[in-house]
Amino acid sequence: MTHRNGKGRVLLALTGWEPQVWIDELTRAAPDRPVVLEPNGEADPDIDYAIVWKQPAGLLSKLPNLKAIFSLGAGVDHVFADTSLPDVPIVRVVSPDLTTRMSEYVVWQVLDHHRLGPRYRAQQANRVWEEDKNQKAAGVITVGIMGLGELGRDAAAKLRVMGFNVTGWSRTAKQVEGVTCHAGKDGLDPFLASADIFVVLLPLTPETREILNRDLFLRMKKRGSLGAPVLINAGRGGLQNEADILAALDEGLLSAVSLDVFQQEPLDPASPFWTHPKVTLTPHAAAASMPTSLIEPMARQMDAFERGEPLVNLVDRKAGY
Ligand code: NDP
Ligand code: OXD
């Protein structure tokens, strides 16, 4: 249903995020569009669009006029966690601002491992002055990117500028300039043998859940130039088997990890990841969703949709991302 001014009505349904900044940005970007906040699971039936982050299960199926769901994340596993989703298009975040910040995180972590950041921080804590050899990345370090989507391709391009050799793995075959690409189940072993540092930018789907497990670590290249492979996961916590990661670090199957995401967030204060000497962790902060960069494009998509234009950045419901 559209309203007196012809503008569809928007429901904002967030779990764990402060709503006011999103309402303020919606009011700025679309002052003539009615916005309601999901009040304690009771939805207004007269809603055209839902903007969501971890919406309460069952909420969207109670909206008979819903035309589209807008995810406030690039990942949409939080939307699919509700198994009673209505059959309407789901739009996800594709944002140059978010992509740039993710690539900054990836380059930061890759360089940190390449330039022995964890080791020198430990030495500093113990007042140890001990210099190790250093060599430029070019010709020495290969970074393997799991997930050659919006984020993986941008990170690959920026790592290439730094001189890293880059390989990648995706579900369907891809061609990415300067990147040796592998795809699907058959491409996984050659990919795992190709790299020293693995950067994970996969979506969480039934196919990728806990893909980062002991079996996968055993299949990685054994003697990378960093001793053993390094794992950097900024995709989703559900991609990783956390007990297997800790065991792989202790056994030396992995030399170090950088984790931005965890199975359970916030991470339990008692988790061994907090203090593990081979773990660098950040609180799901690699590329935060920012109202100032996400809401304006959503509002413009709603306007375009009401003019009869197609929605863009749609999720493939069958593939799950
Ligand atoms: P895209 O959908 O653009 O890319 C996903 C990539 O993963 C594609 O290359 C896809 O293959 C590949 N893929 C999916 N399933 C499989 C599979 N089963 N086997 C192999 N490859 C697979 O997503 P984005 O790049 O935009 O985002 C990736 C993820 O990053 C998000 O889903 C989200 O979870 C995470 N994220 C994390 C943030 C953070 O702050 N930590 C911030 C933003 C996103 P194909 O190319 O064939 O489709
Ligand atoms: C996302 C995220 O999916 O912030 O965009 O994790």
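Residues numbered from 1 in each chain as written. Chains lettered and ligands numbered in written order. Predicted model: local features only at pLDDT ≥ 70, side-chain atom pairs only at ≥ 80, totals over all residues. Heavy atoms only, no water.

**Looking at the side chain of aspartate 82**
So, point 1. One can find aspartate 82 in the loop between helix 2 (77-80) and strand 5 (90-91).
So, point 2. The side chain of aspartate 82 is buried and forms no salt bridge, while arginine 317, the nearest opposite charge, is found at 8.9 Å.
So, point 3. A polar contact of 2.9 Å, which involves the side chain of aspartate 82, links it to the side chain of serine 84.
So, point 4. When sequence neighbours within four positions are dropped, the list of residues in contact with aspartate 82 reads Gln55, Pro56, Ala57, Gly58, Leu59 and Leu60. (Helix = DSSP H or I, 4+ residues; strand = E, 2+ residues; numbered from the N terminus. Buried < 20%, exposed > 50% of the residue type's maximum accessible area, 1.4 Å probe, protein only. Lys, Arg positive; Asp, Glu negative; His and termini not counted. Salt bridge = Lys/Arg side-chain N within 4 Å of Asp/Glu carboxyl O. Polar contact = N/O pair within 3.5 Å; in protein donor to acceptor, adjacent residues only side chain to side chain. Contact = heavy atoms within 4.5 Å.)

**Focus on the sheet that holds strand 10 (residues 230-233)**
So, point 1. What the seven strands build is an open sheet, ordered 8-7-6-9-10-11-12; its pairing is parallel. Because the sheet does not close on itself, it has two edges, and the strands there are strand 8 (179-183) and strand 12 (279-281). Averaged over neighbouring strand pairs, the angle between their axes works out to 15 degrees when direction is ignored.
So, point 2. Across three bridges, strand 11 (residues 256-259) lies against strand 12 in parallel orientation. From the neighbouring strand, valine 257 faces strand 12, where its bridge partner is valine 279.
So, point 3. Packed on one face of the sheet, helix 5 (residues 150-161) meets strand 6 (142-146), strand 7 (165-170) and strand 8 and runs near 170 degrees to strand 6. (Pairing = 2+ DSSP bridges. Axes fitted to C-alpha atoms, helices over the stretch in contact; angles between N-to-C directions.)

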